[in-house]
Amino acid sequence: MVTQWDSEVSVRAFADEASWIEIDASALRHNVEVFRRVAAAAEPSPGLGVVLKGNAYGHGFDQVLPVVHPHVDWIYVITAQDALRVREHERSAARAPAKVLVLGPVSPREAVLLAEAGVCAVVGDRSFPALADALREAGGPPLDVHLHVDTGLGREGFLVEELGDVLGLLEPLDHALRLRGVLSHFANVEDVTEQAYALEQVRRFDEALARLSTALPPERSLERHMAASAASLVLPPSRFDALRVGIALYGLWPSSETRLSARVVLGETPALRPVLSWRCRSQAVRTLPAGSFVGYGCTFRCSEPTRVAVLPVGYFDGYPRLLSGKAHVLVNGRRCPVLGRVMMNHMIVDVTRAAGAGEERVTATLLGADGDEAIHADTLAAWAETISYEIVARLGAHLRRDVVGA
Ligand SMILES: *Cc1c(COP(=O)(O)O)cnc(C)c1O
């Protein structure tokens, strides 16, 4: 006979046991403050916006939003759904609505919902007349839009040369699509210490602004924004009316080049504090005799008796397989090498020197600080031949995320 059980509760409880992410709210607020100071020092001062795409860079949309909401002027999301989640949060927390912009594409149906919710959308390709049709048909309020200008990334947006034509198409749709802002996005600020390409993008953006101001009625002032984390820090002419800050608000540097340049431009290196830690409780700790192999492919062999901890984390959870045999985790503040290959749901670490004699299970830190040691997302990224953005953004959405330091 099958007994009754509450699958929701039981499944959740098991998931929670495996590994969890800690989001340090005080670090998040500290990083917001760093950018507030960068903005305040600029003349005129741009507004501050936070980018919450990619599940808030893997930190958890639902965990990050309530912490940053009161402290920023703009919230940038990729999907219409996330924009509506911002409005839902504001309703349930009785907070005044923030300015929200959907950076990604929106469908005609979404355009109607966003207009009703007072959310702005980006017009970045020639599909906008269909949005205007849907808005007219719905008979609701118009949608505020920001025009994306492609100044050299080759992703979304109109070329400067297309703007006359696009404005000609937009103007008769003004009852449905209200032009409120103009934006662009940099291609190459992070990978370099000289900013010739970025400055050329700023020049094209200025050219686009000049064309818009001649074409639009003089009372129509547009919100102009271009700078993501790196440009906000190292390229003052890019700051315009708002900063769109993603990775750095999470306490991670866009690149080591950006860190060096920031010190030169700002006179000191801003102290960003990493927001995320990732920990797990091990399965059993056991001792393998000398000569034992560890993991798939038998790529590691113990040369002496070795105490190992089996961790219930693998590449499914976002721990890259490229870290096999390269990375370490922290146990009791000590580095413990990853032995052999990272598996889908497991990895094995050497705790011979880290685990106490009687410890049958240990807590491991995969990312973040433990005692005097810390594992930085940049370090994992270098080992895994990627960037910190990808390390955090790929942390499984299924992992439990706890806000600490609130
Ligand atoms: C991702 C993104 C940002 C934020 O970039 P960071 O380097 O994480 O600060 C800003 N603007 C747009 C359009 C983006 O896609």
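In what follows, the accompanying structure is described.

Rules of the game
Residues numbered from 1 in each chain as written. Predicted model: local features only at pLDDT ≥ 70, side-chain atom pairs only at ≥ 80, totals over all residues. Heavy atoms only, no water. Patch = residues over 30% accessible without salt bridge, like charges linked within 9 Å, V, L, I, M, F, W, Y side chains within 5 Å. Areas by Shrake-Rupley, 256 points an atom, 1.4 Å probe, with all protein chains shown as cover. Salt bridge = Lys/Arg side-chain N within 4 Å of Asp/Glu carboxyl O. Helix = DSSP H or I, 4+ residues; strand = E, 2+ residues; numbered from the N terminus. Buried < 20%, exposed > 50% of the residue type's maximum accessible area, 1.4 Å probe, protein only. Axes fitted to C-alpha atoms, helices over the stretch in contact; angles between N-to-C directions. Parallel < 35°, antiparallel > 145°, perpendicular 65-115°, else oblique. Left-handed = near helix turned anticlockwise from the far one by under 90°. Contact = heavy atoms within 4.5 Å. Nonpolar A, V, L, I, M, F, W, Y, C, P; charged D, E, K, R; others polar. Pairing = 2+ DSSP bridges. Core = buried A, V, L, I, M, F, W, Y, C linked by side-chain atoms within 4.5 Å. Near = heavy atom within 4 Å. Polar contact = N/O pair within 3.5 Å; in protein donor to acceptor, adjacent residues only side chain to side chain. 1 Å grid on protein atoms, 1.4 Å probe; cavity = no way out; pocket = protein on both sides within 12 Å on 5 of 7 lines; lining within 4 Å. Sits in = over half its atoms within 2 Å of the grid points.

1. Remarks on a nonpolar patch on the surface
On the surface, Val264, Val265 and Leu266 cluster together into a nonpolar patch covering about 250 Å² of accessible area. Turning to its location among the elements, Val265 is positioned in helix α11 (residues 256–266). The class of Val265 is partly exposed, set by a relative accessible area of 36%.

2. Brief notes about the packing of helix α2 (residues 25–41) against helix α4 (residues 61–68)
Angle between the axes and distance between the axes: these two values describe a pair of packed helices. Look at α2 against α4: their axes get within 10 Å of each other, and the N-to-C directions meet at 55°. With respect to each other, α2 and α4 are oriented oblique. The way α2 lies across α4 gives a crossing that is right-handed. Contacts between α2 and α4 involve Ala25, Leu28, Arg29 and Val32 from the former and Val64, Val67 and Val68 from the latter. For the contact of α2 with α4, the residue count by class is six nonpolar, no polar and one charged.

3. A few points about the sheet that holds strand β9 (residues 242–245)
Strands sit in the order β2-β3-β4-β5-β6-β7-β8-β9 around a closed barrel of eight strands; the barrel is parallel. Direction aside, the axes of adjacent strands within the sheet are offset by 30° on average. Sheet topology note: the strand β3 (residues 74–77)/strand β4 (residues 99–102) ladder contains four bridges and is parallel. Within the sheet, the bridge partner assigned to Tyr76 lies in β4 and is Leu101. Along the sheet, helix α9 (residues 196–215) contacts β6 (143–148), β7 (177–183) and β8 (223–227); its crossing angle with β8, the most-contacted strand, is approximately 170°.

4. A short note on the packing of helix α5 (residues 80–93) against helix α6 (residues 108–117)
Where α5 contacts α6, the two axes come as close as 10 Å, and the packing angle between them is 25°. Viewed along their axes, α5 and α6 adopt a mutual orientation that is roughly parallel. The interaxial crossing formed by α5 with α6 has left-handed handedness. Contacts between α5 and α6 involve Ala80, Ala83, Leu84 and Arg87 on the former and, on the latter, Glu110, Leu113, Leu114 and Ala117.

5. Topic: α4
Each full turn of the α-helix corresponds to 3.6 residues, which orients residues three or four apart in the same direction. All of the buried residues along α4 are Phe61, Val64, Leu65, Val67 and Val68. Where α4 is buried, its residues contact α2, β2 (47–51), α3 (53–57), β3, α5 and β20 (400–404).

6. Quick look at the nonpolar core
Ranked by internal contacts, the top residues of the largest apolar core, which has 129 residues, are Leu52, Ile75, Leu177, Trp278, Tyr319 and Val329. It is α2 that provides the largest number of residues to this core, a total of eight residues. When residues no more than four places from it in sequence are discounted, the contact partners of Leu177 are Phe128, Leu131, Ala132, Leu135, Leu143, Val145 and Leu170. One finds Leu288, Val294, Leu339 and Ile348 within the second-largest nonpolar core, a separate group that totals eight residues.

7. A closer look at the site of the ligand
As a structural note, the neighbourhood of the ligand is formed by Val51, Lys53, Tyr57, Arg155, His185, Ala228, Ser229, Arg244, Val245, Gly246, Ile247 and Tyr389. Interatomic distance of 2.5 Å between a side-chain N/O atom of Tyr57 and an oxygen atom of the ligand. Contact between the ligand and Ile247: an oxygen atom at 2.8 Å from a main-chain N or O atom of the residue. The protein chains hide 95% of the 390 Å² of surface that the ligand would expose on its own. Assessed atom by atom at 2 Å from the grid points, the ligand resides in the largest pocket. Only α3 and β9 provide two or more residues apiece to the shell around the ligand. Looking at the shell around the ligand residue by residue, the class counts come to six nonpolar, three polar and three charged.

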